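Coordinates in review
Residue-level listing of the chains:
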Amino acid sequence: MANPEASIIRLEGLRKEFDGVLAVQGLDLRVREGEFLCFLGPSGCGKTTTLRMIAGLETPTAGEIYLREKKITRLPPQERNVGFMFQNYALFWHMSVFDNLAFGLRVRRTAPGQIDRRVREVADMLELAQVLDVRAAKLDLSAMQRVAMARTLAVDPDVLLLDEPLNNFRPGLRERMRGELKRWQHQLGRTMVYVTHDQEEAMTLGDRILVMNEGRSEQLGAPRYIYEHPANLFVAGFIGRPAMNFLEVEFKREGEAGLLQRDGLRLRLPRDLTAALESLPSSRLVLGLRPQHLRIAENGTAREGGVFRAVVDLVLPLARKQVVDLKLGDELIKMVLPADRPLLVDDAVSVAIDADRIHLFDRDTGRAIR
Amino acid sequence: MESRRLREFTDAVLRWLAGIIVCAIFLLPLIWVLSISFKPPEEWIAYPPRLIPEKITTSNYVVLFQPGNPVGGVGAMVSAAEPVTRAFINSIIVVPIATAASLVIGFLAAYATTRFQAGGKSLPLFVLTTRMFPPVAFAVPLLVYFRALGLIDTQLALILMYTGFTIAFSLWMTRGFIEGVPKSIEEAAILDGASRWRVLFTITLPLVKGGLAATGLFVFILNWTEFLLAQIFTSRQAITIPVQVSHYVGAVGRFYGPMAALGVVASIPVVVAGYIIQRHLVTGFTFGLVRE
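Owing to the predicted nature of the structure, the values given are computational and were not obtained by experimental measurement.

**Some words on the pattern of salt bridges**
Residues and elements named next belong to chain A. Scanning the model with the defined rule gives 33 salt bridges over all chains in all. Of the charged contacts, one joins Glu 35 and Arg 208 as a salt bridge, the two residues approaching to 2.8 Å between their closest N and O atoms. Separated by 173 residues along the polypeptide, Glu 35 in the loop between β2 (21–32) and β3 (36–40) and Arg 208 in strand β9 (residues 208–213) bring together distant segments of the chain. Of the charged contacts, one joins Arg 183 and Glu 180 as a salt bridge, the two residues approaching to 3.3 Å between their closest N and O atoms. Highlighted residues: Arg 183 and Glu 180, both in helix α5 (residues 171–188), separated by three residues, approximately one helical turn. Take Glu 180: its relative accessible area is 17%, and that puts it in the buried class. Three or more residues joined by partner-sharing salt bridges are found here, namely Arg 10, Glu 12 and Glu 69.

Printed below as a string of structure tokens:
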């Protein structure tokens, strides 16, 4: 971890085709030494395939993989020194915990004394010392996860690759195991690449997140940054819950000020944004509004931004907040409000938009303008 | 509340009843065979039938091994038959070897076809076609081959045929068990540095051994009771127990007593094998623990 900028894994134009279907199309990536990187995306976006290519369980159709700047693209999995934790843990059910942990070391013909020492070391680290003699099939889920983790660690890999290891847990346990994972990562100081489709998991665990869709990288960055500055419509819609509202709007100039306009909505823009939008070839935009950033307008309108009138369509109360569906013409807009603001279905409300909290996207390319 | 308890009770009664009826249907012939095997000739087909023999005798068993003994009675009836020893030895040699060979080939083929699609997607189906014709359809051409090879009336002929005819079962049954082992378990072992063969023998094989035991027992019983091919391809040297059973027929009728006695003796190895394997049959297949 000496140099945080040093990349431990580098992917170069990585592609994978399965029977003519493109699973991964041209992925470039640098994984930094010691970081926790999450691959996040809907199922079928190529995240697991990418992980499996790094491990050597799939062969890329094109592109190269480097581990510490050594080309490993065609190297068999066992010569790469990467650890892989499977979604179903893939424990050797018929063996004891000890034999599970010792398997890799035995294959490598490590001296018995050394095997014993190393197994006890990782077992201590993951609180498995008590169950070393138990058969893997008899363990509870949390212990299975720890055995899976310990087994990948036993052979001291350069990188740990984790494929949705929390998928099998019920919600409460899932959050606890998530905490465990985060702690291990701190303790072990290993580089971890973690695949998940759960954005909350990616947000809490990842130092950085790679958002993937349809075999492509959509955005790479710190969780907070991706949330605040989504690079395109896909990322904007995928990250954040409830999902960001999208409205098609036209950009217009009215005297000094710039305006975003559509039926039932006029939004006045600050000067710098107006200038930026003017330089664009198209005035057809998509306005992105986070449900959390909308508020009920009390008296008086803002100088910048705008107010629109809408009708409450549905109220979903949660413990400390409520999610409200509003009808603006044919569009449904979600907003999140504190629970103490009473609202009834069919109420007419005025909703305020702050101009400095909006997101704007080019309607044709989907790319973020702001 | 009351009616629910009543329903549960009647459900249990009906379940037991169904179980008893099924068991009776399957066990009654067995018990009957056991009963006949201890009966003297005059009681074999006496009417009304009795479950417990009036005069219990072991001569049906003695005569199997020493035809013509005891003098008179059953002994006189089957004095022309061969002692059962030869058939027994043949069966004991042919059946386990053929079963083991079928199991080994079937398992390896199943592994290759499930994990590597070896031979293409439809190879297992082709193997299955060997069971789509009655064995007698193969018997005549095989007879020609085996005569040319000098294999008529040899143990080897039976071993070859029994292995070949049961490979389809071994392949298809073990396929199901291998598919039950998640691929990721093997991948985990490969990532740990294990070779393909090591994965096969230290990971996959132990995980499917229950299934292999079940398959083995099934194939063993098939081979142990095979009559048609043995009847066609053997005459004296290589006869097996089912063929020997058919020898207890005289000009005046069937010798039910020795037939039943041989039936009892012949089922002993199967019962023993089943008992040994039972433990593996019961131990569950634990892959379902974590959902995929």
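**Observations concerning the packing of helix α6 (residues 135–148) of chain B against helix α7 (residues 155–179) of chain B**
Residues and elements named next belong to chain B. α7 packs onto α6 with a crossing angle of 145° between their chain directions and a minimal axis gap of 13 Å. Taken as a pair, α6 and α7 cross one another with a handedness that is right-handed. Contacts from Pro 135, Phe 138, Leu 142 and Phe 146 in α6 reach Ala 157, Met 161 and Phe 165 in α7. Its residues assigned to classes, the contact of α6 with α7 comprises seven nonpolar, no polar and no charged.

**Some words on the domain arrangement of chain B**
All names here are of chain B. Taken as a whole, chain B is organised into domain 1 (2–60) and domain 2 (84–285). Relative to domain 2, the C-alpha centre of domain 1 lies at a distance of 31 Å. With seven residues of domain 1 at the contact, the number on the domain 2 side is eight residues. Together domain 1 and domain 2 conceal approximately 610 Å² of surface at their shared face, both sides included; 88% is due to carbon and sulfur atoms. Among the residues of domain 1 in contact with domain 2, Val 33, Trp 44 and Asn 60 are the three that bury the most area, contributing 56% of the side total. Inspection of the domain 1/domain 2 interface yields zero salt bridges.

**Side note on the packing of helix α4 (residues 85–116) of chain B against α7 of chain B**
When two helices pack together, their arrangement is captured by the angle between the axes and the distance separating the axes. All names here are of chain B. Contact geometry of α4 with α7 gives a least axis separation of 6 Å together with a crossing angle of 40°. As judged from the angle between their axes, α4 and α7 are oblique. Note that α4 runs across α7; the crossing there is right-handed. By residue class, the composition of the contact of α4 with α7 is 17 nonpolar, 10 polar and three charged.

**Some thoughts on the pairing of strand β7 (residues 159–163) of chain A**
Residues and elements named next belong to chain A. Of all five residues in β7, five are buried, a share of seventy percent or more. Inspection of the sheet shows strand β6 (residues 82–85) paired to β7 by four bridges, in the parallel sense. Across the sheet, the residue bridging to Met 85 is Leu 162, located in β7. In the sheet, β7 pairs with strand β8 (residues 191–196) via five bridges, with the strands oriented parallel. Bridge pairing in β8 links Leu 162 to Tyr 194. Since β7 and β8 lie parallel, the crossover through α5 that links them has a hand, and here it is right-handed.

**Points about the side chain of Thr 174 of chain B**
Residues and elements named next belong to chain B. Within the fold, Thr 174 resides in helix α7. Only 2.5 Å separates the side chain of Thr 174 from the backbone oxygen of Ser 170, close enough to count as a polar contact. Not counting chain neighbours up to four residues away, the residues in contact with Thr 174 comprise Gly 106, Phe 107, Ala 110, Leu 212 and Thr 215.

**Details of the sheet that holds strand β18 (residues 331–338) of chain A**
Residues and elements named next belong to chain A. Across the sheet, five strands lie side by side as β15-β19-β16-β17-β18; this open sheet has antiparallel pairing. Across the chains shown, the open sheet's two edge strands, defined by having one partner strand only, are β15 (295–296) and β18. Bridge analysis of β15 against strand β19 (residues 348–353) gives two bridges, and the strand direction is antiparallel. Considered in β19, the bridge of Arg 295 is made with Ala 352.

**Brief notes about the interface of chain A and chain B**
Of the residues lining the interface, 27 residues belong to chain A; the matching set on chain B comes to 22 residues. Put simply, chain A and chain B have one salt bridge between them. Every element with two or more residues in the side of chain A that touches chain B is listed here: α1 (47–55), β6, α2 (97–107) and α4 (141–154) of chain A. Of all the elements, α2 of chain A adds the most residues to the side of chain A that touches chain B, at four residues. In terms of residue class, the side of chain A that touches chain B is built from 17 nonpolar, six polar and four charged.

**So, the sheet that holds strand β1 (residues 7–18) of chain A**
Residue and element names in this part refer to chain A. Taken together, four strands build an open sheet; the order of strands is β2-β1-β4-β5 and the sheet is antiparallel. In this open sheet, the two edge strands, each paired with only one partner strand, are β2 and β5 (70–71). When β1 meets strand β4 (residues 62–67), the two strands line up antiparallel, connected through five bridges. When the sheet's bridge partners are listed, Arg 10 is paired in β4 with Tyr 66. Against the sheet, α1 makes contact with β1, β2 and β4, and its axis sits at roughly 120° relative to β1, the strand it touches most.

About the criteria used
- Residues numbered from 1 in each chain as written.
- Chains lettered and ligands numbered in written order.
- Predicted model: local features only at pLDDT ≥ 70, side-chain atom pairs only at ≥ 80, totals over all residues.
- Heavy atoms only, no water.
- Salt bridge = Lys/Arg side-chain N within 4 Å of Asp/Glu carboxyl O.
- Helix = DSSP H or I, 4+ residues; strand = E, 2+ residues; numbered from the N terminus.
- Buried < 20%, exposed > 50% of the residue type's maximum accessible area, 1.4 Å probe, protein only.
- Axes fitted to C-alpha atoms, helices over the stretch in contact; angles between N-to-C directions.
- Left-handed = near helix turned anticlockwise from the far one by under 90°.
- Contact = heavy atoms within 4.5 Å.
- Nonpolar A, V, L, I, M, F, W, Y, C, P; charged D, E, K, R; others polar.
- Domains from an automatic or database assignment.
- Buried area = accessible area lost by both parts, 1.4 Å probe.
- Parallel < 35°, antiparallel > 145°, perpendicular 65-115°, else oblique.
- Pairing = 2+ DSSP bridges.
- Right-handed = clockwise from strand over helix to strand, strands pointing away.
- Polar contact = N/O pair within 3.5 Å; in protein donor to acceptor, adjacent residues only side chain to side chain.

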